[in-house]
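What follows is each chain in one-letter form.
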Amino acid sequence: MLLATKTVEKPWGRDTLPAPFVAPVGKRIGEIWFQPPRDLPQLLVKYIFTSEKLSVQVHPTDAQTEAKGLGRQGKSECWLVIDAEPGATLGIGFNEPVDAATMRAAAQDGSIEHILTWHAVKAGDFFYIPANTVHAIGGGCSIIEVQQNSDITYRLYDYGRPRELHLEEGMAVAKGEPYATSRHRVVPDKGDVALVDGPYFRLDRIDGIPDEATARRYHGCLLVIPRQGTACVGNDPVKPGQCALAYSLDEVVFDPKGSCLIAQPTA
């Protein structure tokens, strides 16, 4: 089943998008969402396209949202860079440990932008971003984001833009830690790669036909996100720029010369 898409204009979006996407004339597209299906509501997949920095922000964990009576609304996420302009960066974690008072003051005076660690990126860079990690996406990036399906975002700083900030909520969950380099990897051009395996979801890059080890880890519903070539789910072709729900891995016919991302919840 192909998932419905939602195209979102953003002031920080782009009017020129990487293939296969095309921005409507005069529109700055920041995000393309795939609506989570009823049979797999736990995950959200989206493409993000930036021309300038996004807000410095943080997301809570499931336990933190449940403690506030909001239900299970935590948000851990991951980013796969599919295209990057020269000098593109992602801000993740801090240059050195910072205490709460320092972080609060930096968010208030804007210097938090300068104590974040800005990672230079190119196509193929992959980052896992646990909830509670302070982060910001820089300009010139095109990214596939796979995340827990939650819309709770606490903005700590937004470069003076006239949007609501959430300093108290964000400070209650933000960790003043450097980013663990073990959560970053460079995805090779070829080969099956396990990118995430819990605690909330798994994500794999499949080169051609899945190997046996990958197939053994996938049971039940999954999302199929082609990157090259055309996959088929049931009788439906699924092309790059689309996302589909499959009820089992056996239902997916992979392009032997193609490449796909596949994802499913683990909790």
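Everything below is about the structure printed above this text.
Residues numbered from 1 in each chain as written. Predicted model: local features only at pLDDT ≥ 70, side-chain atom pairs only at ≥ 80, totals over all residues. Heavy atoms only, no water.

Looking at this structure, how should I read the environment of Arg161?
Turning to its location among the elements, Arg161 is positioned in the loop between strand E11 (154-157) and helix H4 (167-173). Setting aside residues no more than four positions away along its own chain, Arg161 makes contact with Glu52, Lys53, Leu54 and Ser55. Only 2.9 Å separates the side chain of Arg161 from the side chain of Glu52, close enough to count as a polar contact. Within the local environment of Arg161, its side chain forms a polar contact with the backbone oxygen of Lys53, the two atoms lying 2.4 Å apart. (Helix = DSSP H or I, 4+ residues; strand = E, 2+ residues; numbered from the N terminus. Contact = heavy atoms within 4.5 Å. Polar contact = N/O pair within 3.5 Å; in protein donor to acceptor, adjacent residues only side chain to side chain.)

Quick question: what am I supposed to make of the sheet that holds strand E16 (residues 231-233) here?
Within a beta sheet, neighbouring strands are joined by backbone hydrogen bonds and run either parallel or antiparallel to one another. Ordered by their spatial adjacency, three strands build an open sheet running E17-E16-E19, and the pairing between neighbours is antiparallel. Whereas interior strands pair on both sides, the edge strands pair on one side only; in this sheet they are strand E17 (236-238) and strand E19 (252-253). Bridge count between E16 and E17: three bridges; the pairing is antiparallel. Within the sheet, the bridge partner assigned to Val233 lies in E17 and is Asp236. (Pairing = 2+ DSSP bridges.)

I would appreciate a short explanation of the environment of Ile129 in the present structure.
With respect to the helices and strands, the residue Ile129 is situated in strand E8 (residues 125-129). Sequence separation of Ile129 and Val8 is 121 residues, and the distance between their C-alpha atoms is 23 Å. When residues no more than four places from it in sequence are discounted, the contact partners of Ile129 are Ser76, Glu77, Cys78, Trp79, Ile92, His135 and Tyr179.

I would appreciate a short explanation of the sheet that holds strand E3 (residues 43-49) in the present structure.
Pairing is antiparallel across the open sheet formed by seven strands, whose spatial order is E1-E2-E3-E10-E5-E8-E12. Each end of this open sheet is capped by a strand with a single partner; those strands are strand E1 (5-14) and strand E12 (184-186). For this sheet, the mean angle separating the axes of adjacent strands, direction not counted, is 20°. Sheet analysis places E1 next to strand E2 (residues 29-34), joined by six bridges and oriented antiparallel. Opposite Thr5, over in E2, you have Phe34 as the bridge partner. (Axes fitted to C-alpha atoms, helices over the stretch in contact; angles between N-to-C directions.)

Honestly, helix H2 (residues 100-109) in this entry has me stumped. Any pointers?
Quick reminder: α-helices carry 3.6 residues per turn. Residues three or four places apart thus point the same way. All of the buried residues in H2 are Met103, Ala106 and Ala107. In a view along the axis of H2, the buried residues occupy a sector of 100°, so they form one face of it. Facing away from the buried side of H2 by over 90 degrees, the exposed positions are Ala101, Gln108 and Asp109. For H2, the elements touching its buried residues are strand E6 (89-94), helix H3 (112-115), E11 and H4. Backbone geometry just downstream of H2 places Gly110 in the positive-phi region, at approximately 90°. (Buried < 20%, exposed > 50% of the residue type's maximum accessible area, 1.4 Å probe, protein only. Arc of directions from axis to C-beta.)

What am I meant to see in the pattern of salt bridges here?
This model, assessed by the stated rule, comprises 13 salt bridges. A salt bridge links Asp62 to Arg72; its shortest N-O distance comes to 2.8 Å. Of this pair, Asp62 sits in helix H1 (residues 62-67) while Arg72 sits in the loop between H1 and strand E5 (77-84), and the two are 10 residues apart along the sequence. The class for Asp62 is buried, based on a relative accessible area of 7%. In this structure Arg72 comes out as partly exposed when scored by relative accessible area, which is 46%. Residues Arg163 and Asp158 are paired through a salt bridge, measuring 2.9 Å at the closest nitrogen-oxygen approach. Taken together, the shared-partner salt bridges connect Glu52, Asp158, Arg161 and Arg163 into one network. (Salt bridge = Lys/Arg side-chain N within 4 Å of Asp/Glu carboxyl O.)

Would you take a moment to explain the state of the cysteines for this structure?
Working definition of a disulfide: a covalent bond connecting the sulfur atoms of two cysteines. If you walk through the whole model with that rule in mind, you get zero disulfides. With no disulfide partner, Cys141 has as its closest neighbouring cysteine sulfur the one in Cys78, 15 Å distant. A disulfide-free cysteine, Cys221 has its sulfur positioned 12 Å from the sulfur of Cys243, the nearest such atom. A relative accessible area of 22% means that Cys221 is categorised as partly exposed. (Disulfide = S-S within 2.5 Å.)

It is not clear to me how the pairing of E6 should be interpreted in this structure. Could you clarify?
As a general feature of sheets, a regular strand has side chains that alternate between the two faces. The buried fraction of E6 is high, at six of six residues. Sheet analysis places E6 next to strand E7 (residues 116-120), joined by four bridges and oriented antiparallel. Bridged to Thr89 within E7 is Ala120.

Explanation requested: the packing of aromatic side chains in the structure shown.
The description of an aromatic ring pair uses the distance of the two centres, along with the angle that the planes make with each other. Throughout the structure, instances matching the rule amount to seven aromatic pairs. Ring centres of Phe21 and Tyr47 lie 4.7 Å apart, and the angle between their planes is 65°; on these two criteria the pair is classed as edge-to-face. In this pair, Phe21 sits in the loop between E1 and E2 while Tyr47 sits in strand E3, placing the two residues 26 residues apart along the sequence. We classify Phe21 as buried; its relative accessible area is 12%. Here Tyr47 falls in the buried class, since its relative accessible area comes to 0%. For the pair Phe21 and Phe49, a centre-to-centre distance of 5.6 Å together with 65° between the ring planes defines the contact as edge-to-face. Of this pair, Phe21 sits in the loop between E1 and E2 while Phe49 sits in strand E3; the two residues are 28 residues apart in sequence, bridging distant segments of the chain. Classification of Phe49 by relative accessible area gives buried; the value is 0%. (Phe/Tyr/Trp six-rings, centres within 6.5 Å; stacked < 30°, edge-to-face > 60°.)

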